[in-house]
Amino acid sequence: MNPEEFNKYWDKNYPEANPIGHELKSVYPNRWLRIHSLPESKRYAESEDEYQIILNRQNKLISELIGENTEIIIASGQYEMELTDEISTELSDFGIFEKCRTIELHKIYPEEYEEDFYYDVYFRNDIWQHNSKNEILKSIADDDFRAMFISPKEKCIIAPYDGGMDIIADSQEKRDGLKAKYKDWLSANENGM
């Protein structure tokens, strides 16, 4: 998939949303589910055992959602204060990414962002295999990196964050099934956060 194909795919399948992981839950609330990565909704790992719990939970759920050896798109974004064609060096630790779009945040959300505030979206094609993305998942768990895994085949998005994973399933029924199956990994709050 090249940048133009990614943009067409995104706009066709998620027309109401920007490719910004943390925004998706409010755009698709009926398909959204949040899984917490550690027991009792603990946010950050403090030991190797806790990192292993995070990786085990996330790998299990991602593998169930999209399957082994499935093509995925890893998308990441960077906030910028000026327009640039340079690729963020932060991305280089995790492969070769291509920029596919720049979102002018100050035009979309004028009350939240000052003028000249941008969000550059990068992506790369990959294959999901159990435990193959542990470096990325661990970096996200430490809040050092942000990315989401998009499965065109299964029509779902998995957006890990420091504390868990937001999932946009392909339907409310799929989301409800995951919610029942993984009820022990959910927040105790009614709003699911």
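Residues numbered from 1 in each chain as written. Predicted model: local features only at pLDDT ≥ 70, side-chain atom pairs only at ≥ 80, totals over all residues. Heavy atoms only, no water.

Draft legend 1. Seen up close, the overall build of the protein chain. Along the backbone of the protein chain there are 6 helices and 7 strands. For the protein chain, the sequential pattern of α-helices and β-strands runs α-α-β-α-β-β-α-β-α-β-β-β-α. Over its C-alpha atoms the protein chain spans a radius of gyration of 16 Å, differing by no more than 12% from the 16 Å that the globule rule assigns to 193 residues. Projected onto its principal axes, the C-alpha coordinates of the protein chain cover approximately 45 × 35 × 30 Å. Across the 193 residues in the protein chain, those meeting the buried criterion constitute 49%. Nonlocal contacts in the protein chain, meaning residues at least 24 apart in sequence, comprise 67% of its contacts between residues at least 6 apart. When the 23 basic and 40 acidic side-chain charges of the protein chain are each reduced to a single mean position, those positions are 8 Å apart. (Helix = DSSP H or I, 4+ residues; strand = E, 2+ residues; numbered from the N terminus. Rg over C-alpha atoms; globule rule 2.2 N^0.38 Å. Buried < 20%, exposed > 50% of the residue type's maximum accessible area, 1.4 Å probe, protein only. Contact = heavy atoms within 4.5 Å. Lys, Arg positive; Asp, Glu negative; His and termini not counted. Charge placed at Lys NZ, Arg CZ, Asp CG, Glu CD.)

Draft legend 2. View of the pattern of salt bridges. Using the criterion set out here, one finds 14 salt bridges in the structure. Note that E46 and K42 form a salt bridge whose closest N and O atoms lie 3.6 Å from each other. Judged by its relative accessible area of 67%, E46 is exposed. Of the residues examined, K42 reaches a relative accessible area of 27% and is grouped as partly exposed. Between R124 and D126 there is a salt bridge, with the nearest N and O atoms lying 2.5 Å from each other. (Salt bridge = Lys/Arg side-chain N within 4 Å of Asp/Glu carboxyl O.)

Draft legend 3. Broad picture of the sheet that holds strand β2 (residues 70-80). Ordered in space as β1-β7-β6-β5-β2-β4-β3, the 7 strands form an open sheet in which the pairing is antiparallel. A single partner strand is all that each edge strand has here, and the edge strands are β1 (32-36) and β3 (98-104). Neighbouring strand axes in the sheet, compared pairwise and without regard to direction, differ in orientation by 25 degrees on average. On top of the sheet, helix α1 (residues 3-13) reaches β2, β3, β4 (118-128), β5 (148-151) and β6 (156-161); it is set at about 50 degrees to β3, its chief contact. (Pairing = 2+ DSSP bridges. Axes fitted to C-alpha atoms, helices over the stretch in contact; angles between N-to-C directions.)

Draft legend 4. Quick look at unusual backbone geometry. We note that N131 has phi near 70 degrees; this positive angle belongs to a residue other than glycine. Along the chain, N131 falls in the loop between β4 and α5 (134-141). Its identity is not glycine, yet D143 carries a phi of approximately 60 degrees, on the positive side. Here D143 is to be found in the loop between α5 and β5.

Draft legend 5. Inspection of the environment of H22 at higher detail. Turning to its location among the elements, H22 is positioned in the loop between α1 and α2 (24-27). C-alpha of H22 to C-alpha of A159: the two residues are 137 residues apart in sequence and 7.6 Å apart in space.

Draft legend 6. Spotlight on the side chain of S63. Here S63 is to be found in helix α3 (residues 48-66). A relative accessible area of 15% means that S63 is categorised as buried. Separated by 3.0 Å, the side chains of S63 and E68 make a polar contact. With near-sequence residues (within four places) excluded, S63 lies in contact with E68, W128 and H130. (Polar contact = N/O pair within 3.5 Å; in protein donor to acceptor, adjacent residues only side chain to side chain.)

Draft legend 7. Just the pairing of β4, in detail. With 9 of its 11 residues buried, β4 lies for the most part within the structure. Sheet topology note: the β2/β4 ladder contains 11 bridges and is antiparallel. For I73, the partnering residue across the bridge sits in β4 and is N125. Relative to β4, β3 runs antiparallel, the two sharing 6 bridges. In the strand pairing of β4, I103 is matched with Y119.

Draft legend 8. Layout of α3. Over its 19 residues, α3 runs 27 Å from end to end, which matches the ideal 27 Å to within 8%, given 1.5 Å per residue. If you check which residues of α3 are buried, you get E50, Y51, I54, L55, R57, Q58, N59, L61, I62, S63, L65 and I66. Where α3 terminates, the next one or two residues include G67, which has phi positive at roughly 85 degrees. (Expected span 1.5 Å × (residues − 1).)

In short, the description is geometric, and any link to function would need to be established separately.
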